[in-house]
Amino acid sequence: MLLAIDVGNTNTVFALWNGSEFLSTWRTATEVQRTADQYYVWLSTLMSLRGLSDVIVDEVIVSSTVPRVVFNLRVLCNRYFDCRPLVVGKPDCALPVEARVDPGTQVGPDRLVNTVAGHDLHGGDLIVVDYGTATTFDVVDTDGAYVGGVIAPGVNLSLQALHEAAAALPLVDVTMPPQVIGKNTVDCMQSGVFWGYVGLVGEIVRRIKEERGRPTKVIGTGGLAPLFQQGDTLFDVFEDNLTMHGLTVIHRYNKDLQE
Ligand SMILES: Nc1ncnc2c1ncn2[C@@H]1O[C@H](COP(=O)(O)OP(=O)(O)OP(=O)(O)O)[C@@H](O)[C@H]1O
Ligand SMILES: CC(C)(CO)[C@@H](O)C(=O)NCCC(=O)O
Ligand SMILES: [K+]
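What you see is a predicted model, and the numbers here were worked out from it, not measured in a lab.

Draft legend 1. Summary view of the UniProt feature "binding site: ATP" (unreviewed entry) in the chain. In this numbering, the UniProt entry assigns the feature "binding site: ATP" (unreviewed entry) to Asp 6, Val 7, Gly 8, Asn 9, Thr 10, Asn 11, Thr 12, Val 13 and Thr 133. Taking the farthest pair of C-alpha atoms as the criterion, the annotated set spanning 128 residues converges on one region, since that pair is 13.7 Å apart. Locating Asp 6 in the fold gives a position in strand β1 (residues 2-7). In this structure Asp 6 touches Asn 11, Thr 12, Val 13, Ser 63, Thr 243, Met 244 and Leu 247, once residues within four positions along its chain are discounted. With respect to the secondary-structure elements, Asn 9 resides in the loop between β1 and β2 (11-17). Not counting chain neighbours up to four residues away, the residues in contact with Asn 9 comprise Thr 30, Thr 65, Val 66 and Thr 133.

Following this line, the structure appears as structure tokens:
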């Protein structure tokens, strides 16, 4: 069975894919020091808690925005799953779409995977907005190619930065505040970040559409996307599991190429 691993700068998600559905997904904090043995103890424990101890993982695909993590994931595959992982961005992992960017640019693998997934589900002419560690905008051309985008600081990163830089500001969660005008510190901060990001996303999407000059569908993904959709209609669709879906599409594509 396929194990798909999506390593973000904050969180790493593992998912088991049986060819037609995800049996389970698990999330852990991304940590470069974590060893293959630590991954395996953690994963096999969670698998048995879900009654999945009999599942044999024999294929793995990885997307990692943190290059150093890949080494230990390779050891995990070799030692415990007796296979070589397919790693997005490496020459031996083919992608069903092109990346039309400046020569030498290393596009984040998560953005390529989101492009593939978006194109698979919705065709071409898309903007994928991903609320991860960074807030990214991936522009998908008519033929499905990644043609660039926008990288803005992530929502939680902005809240953290306020807290770390200003002695009197606490660390708060992002939420939609009751009013725009805050009457206390927390409401003021939440208003700044919530409405600030509603504005940021709306404005960047508007300008991308203007620059491209054709009808473009907007897809929102990432843990915080639904929260921001409450502030304004920012997306045409919300996709819960976009990156994981893209990993299964890329895995299938590479298998079909081998056959
Ligand atoms: N109201 C909220 N306030 C703060 N965080 C939230 C809230 N709702 C969801 N989240 C967080 O969103 C995250 C899920 O987002 P996602 O997996 O898209 O990105 P990430 O893990 O933060 O970033 P990356 O993928 O770059 O590591 C989880 O860490 C979850 O705790
Ligand atoms: C922008 C992030 C951090 C978002 O996860 C990741 O996609 C990344 O490290 N990208 C590399 C640079 C680029 O995508 O152009
Ligand atoms: K992500």
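Draft legend 2. Quick look at the sheet that holds β1. Ordered by their spatial adjacency, five strands build an open sheet running β3-β2-β1-β4-β5, and the pairing between neighbours is mixed. With partners counted over all chains shown, the strands left at the sheet margins are β3 (22-29) and β5 (86-87), one partner each. Where β1 meets strand β4 (residues 59-64), six bridges bridge the pair, whose relative direction is parallel. Residue pairing across strands places Leu 2 opposite Glu 59, the latter belonging to β4. Running over the sheet, helix α1 (residues 36-49) touches β1, β2 and β3 and is turned about 140° from β3. On the sheet, helix α7 (residues 242-258) packs against β1, β2, β3, β4 and β5 and is oriented at approximately 130° with respect to β1.

Draft legend 3. Looking closely at the pairing of strand β8 (residues 146-153). Where strand β7 (residues 134-140) and β8 come together, six bridges link them in antiparallel fashion. Across the sheet, the residue bridging to Val 140 is Tyr 146, located in β8. Where β7 folds back on β8, the antiparallel hairpin that results is connected by five residues, among which Gly 144 adopts a positive phi of roughly 95°.

Draft legend 4. Geometry of the UniProt feature "binding site: substrate" (unreviewed entry) in the chain. Those residues carrying the UniProt feature "binding site: substrate" (unreviewed entry) are Gly 108, Pro 109, Asp 110, Arg 111 and Thr 185 in this numbering. Separation in sequence by 78 residues is matched in space for these annotated residues, since their most distant C-alpha atoms are 37.8 Å apart. The topology assignment puts Gly 108 in the loop between β5 and α3 (109-122). Locating Arg 111 in the fold gives a position in helix α3. Arg 111 gets classed as buried once you look at its relative accessible area, which sits at 9%. Contact partners of Arg 111, with chain neighbours within four places excluded, come to Thr 136, Phe 137, Asp 138, Tyr 146, Gly 149, Val 150 and Ile 151.

Draft legend 5. Representation of the site of ligand 1 within the structure. Taken together, 13 residues surround ligand 1, and among them Thr 10, Asn 11, Arg 27, Thr 133 and Gly 223 come closest. At a separation of 3.4 Å, an oxygen atom of ligand 1 approaches a polar backbone atom of Asn 9. Relative to its unbound accessible area of 630 Å², ligand 1 is 67% covered by the protein chains. Here the residues of the shell around ligand 1 sort into three nonpolar, nine polar and one charged. In this structure, the shell around ligand 1 is formed jointly by two domains, domain 1 (2-87) and domain 2 (123-246), each of which donates at least three residues.

Criteria and cut-off values
The residue numbers shown here count from 1 along each chain, following its written sequence. Working convention: letters from A go to chains and numbers from 1 go to ligands, in the order in which they are written. Totals for whole chains, interfaces and linings use every residue, but because this is a predicted model, local features are given only for residues with pLDDT of at least 70 and side-chain atom pairs only at 80 or more, for both listing and counting. Water and hydrogen atoms were dropped before computing side-chain values, which therefore reflect all heavy atoms in the structure. UniProt positions are given in the numbering used here, feature names are shortened, and annotations may be inferred rather than shown by experiment. Put simply, DSSP H or I for four residues or longer makes a helix, DSSP E for two residues or longer makes a strand, and each gets a number counted from the N terminus. By the convention used here, residues are in contact when the closest approach between their heavy atoms is within 4.5 Å. For two strands to count as paired, DSSP must find a minimum of two bridges between them. Helix axes are fitted to C-alpha atoms over the stretch in contact, other axes to C-alpha atoms as well, and angles between N-to-C directions run from 0 to 180 degrees. Buried means the residue's accessible area, taken with a 1.4 Å probe over protein chains only, is under 20% of the maximum for its type, while exposed means over 50%, and partly exposed covers the values in between. By convention in this text, a residue qualifies as near a molecule or strand provided that one of its non-hydrogen atoms is within 4 Å of it. In the analysis that follows, any N or O atom pair within 3.5 Å is treated as a polar contact, provided that within protein one partner can donate a hydrogen and the other can accept it, and provided that, for residues neighboring in sequence, both atoms belong to side chains. Values of accessible area rely on a 1.4 Å probe in the Shrake-Rupley scheme; residue burial ignores everything except the protein chains shown. When residue character is reported, Ala, Val, Leu, Ile, Met, Phe, Trp, Tyr, Cys and Pro are called nonpolar, Asp, Glu, Lys and Arg charged, and the others, Gly included, polar. The split into domains, and so the bounds of each, comes from an automatic or database assignment of domains.

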